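Coordinate analysis (summary)
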Amino acid sequence: MAILGVIADDFTGATDIAGMLVKGGMRTIQTIGVPAKGTIPDDVDAVVVALKTRSIPAADAVAQSLDALKALQDAGCVRFFFKYCSTFDSTDAGNIGPVGDALLDALKAKQAIYCPAFPVNGRTTFFGHLFVGDLLLSDSHMKHHPLTPMTDASLVRVLARQTPHKVGLVALKQVQSGSAVLRAALDRLAADDVRHVVVDAVADTDLGIIGEAIGDDVLVTGGSGVALGLPAAYRRRGLLAHRAGAGALPKVEGACAVVAGSCSAATLGQIATFKGPHLALDTDAICRGEDVAGKALDWAKDKLGSGPILLSASDKPEKVKALQAKYGVEASSQAIEKTMAGLARGLVAAGVGRLVVAGGETSGAVVSALDVTALRIGPEIDPGVPWTASVGAKPILLALKSGNFGAPDFFTKAFDRP
Ligand SMILES: Nc1ncnc2c1ncn2[C@@H]1O[C@H](COP(=O)(O)OP(=O)(O)OP(=O)(O)O)[C@@H](O)[C@H]1O
Ligand SMILES: O=C(O)[C@@H](O)C(=O)CO
C-alpha cells in the first residue's frame, strides 16, 4: 500500500521526483492526472500525480491539487509532497503559495518546509537565496522565462508575496547542525505561527539531515532533491519496508527514437552532440499547417531499428522568437506540440518501443497522444530523468526529459541503460 503521495505541478517534474524515490528504494508509480478511485496498484510505496498546474490560474491549480490530495488519501497515503520546480517557477499570483496553503488547510497541518535545492543539478539555497550554478536565480536564464520569469532570488520574499501567512527561514548553519537542531528551529517557528519555512541546502548531506528532521511532517514541499532523505526517514519510522529492485521495469523490445520539443540550452547541446540520423523539422511549415509529421514519419521508417534516431523542433532563442512573432506564442507552440504528439504516435505504431521526449510541455502532449494513464518508474539515466514504462497490456519505455536536465550525450546513452 502506498504511504507517500506526491502532487507534482508538471510532467517532467513528476518523473524527476519519482526517479528520486525509486533510487531511495520506494516502488513508485506516476499517474497522468488525478487517478480514478481503485486504480492504484497495491504493490507501490509512492504515487506521484502528474498535473499541469504550474502556470494556470491559482484557483484552478488549488482545485486540481486538492482533487489529487483526495485521490492520494483514498489510496492510503499518510505523507504528502508538493513538487514544484527546482527553480521555484511561479509568479506573485502563485501557484506555490496558494497550493501550499490549500494543502496545509486540507491536511489540518500547521507548517510546511520549502526546499527547491537539488545540488547535483546545480540548485542550492543559502540564506533563502536560490542559486542556479554559480548565479543567483535572478541572474540566471530563469529571469527570461516566458511564463514565470524569476527576478528575485530571495525565496522568503517570493513566497511572502504568494501567501497571507508568515514565511520564515532556517539557514544553512542550523541545517548543518543536525536534524535535532533543525527540528527544534522549525518547532520554534511553528510556535510563532510561521507557516511556511524556506530551508537552506547546498549538498546532499544537508538533504539527508532535512529528510530526517521532517520525517513526521504530513506535508513537505520542494524540488525532487529534498525527497532524497525521505525514504530513509520513513524507514526509520517503520513506515516503509526495505526493498530490493524498486526500479524494475518490464523488458520492452522495439526501435529507439528521440523527439525533442524543448529549446533549452541543455537540449540544444544534446541535439548537437547526437551522432545518429537526425531530422530537424520545418517549424514554419508546421505553423503554416502543412503535414510535416507525415513526411517526417516517412523519413523515420527507413531508419528505425539500427540505432536511435532523433526528430527535433528545437531552435535557438532568436529563431524561436521570430517564429513566435510571426504566428503568436500560443499558436506556434500548440502547432508544434500537436506535431510532436502525432510523430510520437506514428513512431510507436511503426515499432518504436523506447522513446525519449525532451521538454515538459512536449512530454505532456506526447503522453496524452499515446493514451498513457500511468508510468512505472525505473532506473535513472541522468539526475532527474529515469526510464519509465507505460502501464498497460503493451508497455513502451519512455524517458521524459526536463528541458534543462541531462548530460550532452543524453540522447545516445539513454538507450544503453534499460
Ligand atoms: N522552433 C520552435 N519555435 C517555437 N516554439 C517551439 C519550437 N520548438 C519547440 N517549440 C515549443 O516550445 C515549447 C517548449 O516547451 P517544453 O516544455 O516542451 O520544453 P522546456 O520548456 O525546455 O522544458 P521544461 O518545461 O521541462 O523545462 C513547446 O510548446 C514547443 O512546442
Ligand atoms: O525541478 C526541476 O527542475 C524539474 O523537475 C522540473 O520541474 C522541470 O519542469
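Predicted, not measured: the structure shown is a model, and the values here were computed from it.

**Thoughts on the overall build of the protein**
What the protein contains, in helices and strands, is 15 helices and 18 strands. Over its C-alpha atoms the protein spans a radius of gyration of 21 Å, differing by no more than 12% from the 22 Å that the globule rule assigns to 418 residues. For the protein, the spread of C-alpha atoms along the principal axes amounts to about 65 × 45 × 35 Å. Sorting the 418 residues of the protein into buried and exposed places 58% on the buried side.

**Structural notes on the domain arrangement of the protein**
Put simply, an interface is often sized by how much accessible area is lost when its parts join up. By the assigned domains, the protein splits into domain 1 (4-236) and domain 2 (255-416). Using C-alpha coordinates to define each centre, domain 1 is positioned 28 Å away from domain 2. Each side of the interface is counted separately: domain 1 has 22 residues, and domain 2 has 24 residues. Counting each side, the surface lost to burial between domain 1 and domain 2 is near 1800 Å², with a carbon and sulfur contribution of 61%.

**Here we look at the site of ligand 1**
Lining the immediate environment of ligand 1, one finds 19 residues, of which Ser262, Ala313, Glu337, Glu361 and Thr362 sit closest. Here serine 333 contributes a backbone N or O atom positioned 3.3 Å from an oxygen atom of ligand 1. Residue glutamate 361 places a main-chain N or O atom 2.7 Å away from an oxygen atom belonging to ligand 1. Against a free-state accessible area of 640 Å², the protein chains account for coverage of 85% of ligand 1. Within the residue set of the shell around ligand 1, elements represented by two or more residues are α12 (317-327), α13 (329-349) and α14 (360-369).

**Things to note about the sheet that holds strand β8 (residues 135-136)**
In sheet architecture, strand pairing relies on hydrogen bonds along the backbone and comes in two forms, parallel and antiparallel. One open sheet holds the three strands; their spatial order is β6-β7-β8, and the pairing between them is antiparallel. Of all strands in the sheet, those bounded by a partner on one side alone are β6 (123-126) and β8.

**Some remarks on the site of ligand 2**
Near ligand 2, the surroundings consist of Asp10, Thr12, Gly13, Asp16, Arg54, Lys83, Tyr84, Cys85, Ser86, Ser402 and Phe405. Arginine 54 is positioned with one of its side-chain polar atoms (N or O) 2.7 Å from an oxygen atom of ligand 2. Lysine 83 is positioned such that a nitrogen or oxygen atom in its side chain is 3.0 Å from an oxygen atom of ligand 2. Burial of ligand 2 by the protein amounts to 94% of the accessible area it has alone, namely 270 Å². Broken down by element, the shell around ligand 2 gets its largest block of residues, three residues, from helix α1 (residues 11-23). Residue composition of the shell around ligand 2, by class: three nonpolar, four polar and four charged.

**Side note on the packing of α13 against α14**
Their axes nearest at 8 Å, the elements α13 and α14 cross at an angle of 45°. Classed by the angle they form, the pair α13 and α14 counts as oblique. With respect to the hand of their crossing, α13 and α14 are arranged in right-handed fashion. Residue-level contacts link Glu337, Met340, Ala341, Ala344 and Arg345 of α13 to Glu361, Thr362, Ala365, Val366 and Ala369 of α14.

**As for the nonpolar core**
Ranked by size, the top nonpolar core spans 96 residues in total, and within it Ile210, Leu347, Leu355 and Phe411 carry the most contacts. When residues of this core are assigned to domains, at least three map to each of domain 1 (4-236) and domain 2 (255-416). Those residues in contact with leucine 347 that sit more than four places away from it in its chain are Ala257, Val259, Leu297, Ala300, Ile309, Leu311, Val352 and Leu355.

**A look at the packing of aromatic side chains**
Going through the model one piece at a time under the given rule, you end up with seven aromatic pairs. When the ring of tyrosine 84 is compared with that of phenylalanine 88, the centres are 5.1 Å apart and the planes differ by 80°; the resulting orientation is edge-to-face. Phenylalanine 88 carries the same exposure label as tyrosine 84, and that label is buried. Both rings, one in phenylalanine 410 and one in phenylalanine 411, keep their centres 6.3 Å apart while their planes meet at 80°; by these two values the pair is edge-to-face.

What counts, and at which threshold
- What you see as residue numbers is a count from 1 along each chain, following the sequence as written.
- A letter from A marks each chain and a number from 1 marks each ligand, given out in the order of writing.
- It should be noted that, the model being predicted, local features are given only for residues of pLDDT at least 70 and side-chain atom pairs only at 80 or more, the latter also being counted only at that level, while totals for whole chains, interfaces and linings use all residues.
- The basis for the side-chain values is all heavy atoms of the structure; hydrogens and waters are excluded.
- For helices the rule is a DSSP run of H or I covering at least 4 residues; for strands it is a run of E covering at least 2, with both sets numbered from the N terminus onward.
- Our radius of gyration is a C-alpha quantity, and the globule rule it is checked against amounts to 2.2 Å times the number of residues to the power 0.38.
- Under the scheme applied here, a residue whose accessible area is under 20% of the maximum for its type counts as buried, over 50% as exposed, and between as partly exposed, the area being computed with a 1.4 Å probe on protein chains only.
- What counts as a domain boundary in this text is fixed by an automatic or database domain assignment.
- Only heavy atoms matter for contacts: two residues are in contact if any of them lie within 4.5 Å across the pair.
- Here the quantity called buried area is the total loss of accessible area, with a 1.4 Å probe, experienced by two parts when brought into contact, counted for both.
- A molecule or strand has a residue near it when one of that residue's heavy atoms lies within 4 Å.
- Here a polar contact is recorded for every N or O atom pair within 3.5 Å, except that within protein the pair must consist of a potential hydrogen donor and a potential acceptor, and residues adjacent in sequence are included only if both atoms are side-chain atoms.
- Every accessible area reported is derived by Shrake-Rupley at a probe size of 1.4 Å, with residue values counting cover from the shown protein chains alone.
- Note on pairing: DSSP must find at least two bridges between two strands before they are called paired.
- Residue type decides the class: Asp, Glu, Lys and Arg count as charged, Ala, Val, Leu, Ile, Met, Phe, Trp, Tyr, Cys and Pro as nonpolar, and the leftover types, Gly among them, as polar.
- Every axis in this analysis is a line fitted to C-alpha atoms, fitted for helices over the stretch in contact. Angles between the N-to-C directions lie between 0 and 180 degrees.
- Here roughly perpendicular refers to angles of 65 to 115 degrees, roughly parallel to angles under 35, roughly antiparallel to angles over 145, and oblique to all remaining angles.
- Helix crossings get a hand from a simple test, with the near helix turned counterclockwise from the far one by less than a right angle marking a left-handed crossing and a clockwise turn marking a right-handed one.
- As used here, the term nonpolar core means buried Ala, Val, Leu, Ile, Met, Phe, Trp, Tyr and Cys residues forming a set that is joined through side-chain atoms within 4.5 Å.
- Only rings of Phe, Tyr and Trp enter the pairing, Trp through its six-membered ring, and a pair is recorded when the two centres are within 6.5 Å. The plane angle decides the type: under 30 degrees is stacked, over 60 is edge-to-face, the rest tilted.

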